[in-house]
Amino acid sequence: MVQAPMFRIGYGIDYHALQEGRRFMLGGVEIPHHKGALGHSDADVLLHAICDALLGAVAAGDIGTHFPDTDQAYKDKDSRYFLKRCHEIIHERGYEIINLDATLCLQAPKIKPYVAAMQECISTITGLGTDCISIKATTTEQLGFVGREEGVVAHATILLGLRQG
């Protein structure tokens, strides 16, 4: 019998178009902006990237496998639900999150005033301390679809460890 690895790393990435008049959810927090992400659920790119990182770390597919955009049950669904369920999946497989590092790519708005609230939201769902949740942002210096404010991208890297006890 093969012993489970002590550590596993997962990486997730998500893209969403931006559209006038939509709510802009990032990291479980509504960010005031004239545009929001377009998607089947609430289109929270940060939580979606984190979900993919969690699922990838335990080789459990991706967010689309677990919550397909063809299923009306997930229409306009709060992405905090997806994060909670993905966190349960890693626990069921014997792992816990050690740390999370995420980067948002967007031209506007500036997210620095909202980072602490995003960290707190993710902490509440996962039980991970906010000191182990890094959320950063970068612009693309007005290059590409992100620079033209047509879309937003999130990257997330997760380190998991075997649960103790």
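Residues numbered from 1 in each chain as written. Predicted model: local features only at pLDDT ≥ 70, side-chain atom pairs only at ≥ 80, totals over all residues. Heavy atoms only, no water.

A. Main features of the overall build of the protein chain. Helix and strand counts for the protein chain come out as five helices and seven strands. If you list the helices and strands of the protein chain from N to C, you get β-β-β-β-α-α-α-β-α-β-α-β. Dimensions of the protein chain, computed from C-alpha atoms along their principal axes, come out at roughly 55 × 35 × 25 Å. A buried classification covers 45% of the 165 residues belonging to the protein chain. In the protein chain, once contacts between residues fewer than 6 apart in sequence are set aside, the share between residues at least 24 apart is 72%. About 8300 Å² of surface is accessible on the protein chain, with carbon and sulfur atoms providing 53% of the total. (Helix = DSSP H or I, 4+ residues; strand = E, 2+ residues; numbered from the N terminus. Buried < 20%, exposed > 50% of the residue type's maximum accessible area, 1.4 Å probe, protein only. Contact = heavy atoms within 4.5 Å. Areas by Shrake-Rupley, 256 points an atom, 1.4 Å probe, with all protein chains shown as cover.)

B. Examining the packing of helix 1 (residues 45-57) against helix 3 (residues 79-92) more closely. One way to put it is that helix 1 packs onto helix 3 with a least axis distance of 9 Å and a crossing angle of 15 degrees. Between helix 1 and helix 3, the angle falls in the class roughly parallel. With respect to the hand of their crossing, helix 1 and helix 3 are arranged in left-handed fashion. On helix 3, the residues that touch L47, H48, I50, C51, L54 and L55 of helix 1 are S79, R80, F82, L83, C86, H87, I89 and I90. Of the residues contributing to the contact of helix 1 with helix 3, the split by class is 10 nonpolar, three polar and one charged. (Axes fitted to C-alpha atoms, helices over the stretch in contact; angles between N-to-C directions. Parallel < 35°, antiparallel > 145°, perpendicular 65-115°, else oblique. Left-handed = near helix turned anticlockwise from the far one by under 90°. Nonpolar A, V, L, I, M, F, W, Y, C, P; charged D, E, K, R; others polar.)

C. The arrangement of the packing of helix 3 against helix 4 (residues 115-126) in detail. Relative orientation of the contacting elements helix 3 and helix 4 amounts to 40 degrees, with a least axis distance of 9 Å. Looking at the two axes, helix 3 sits oblique to helix 4. The hand of the helix 3/helix 4 crossing is right-handed. Contacts from R80, L83, K84 and H87 of helix 3 reach helix 4 at C121, I122, I125 and T126. Here the residues of the contact of helix 3 with helix 4 sort into four nonpolar, two polar and two charged.

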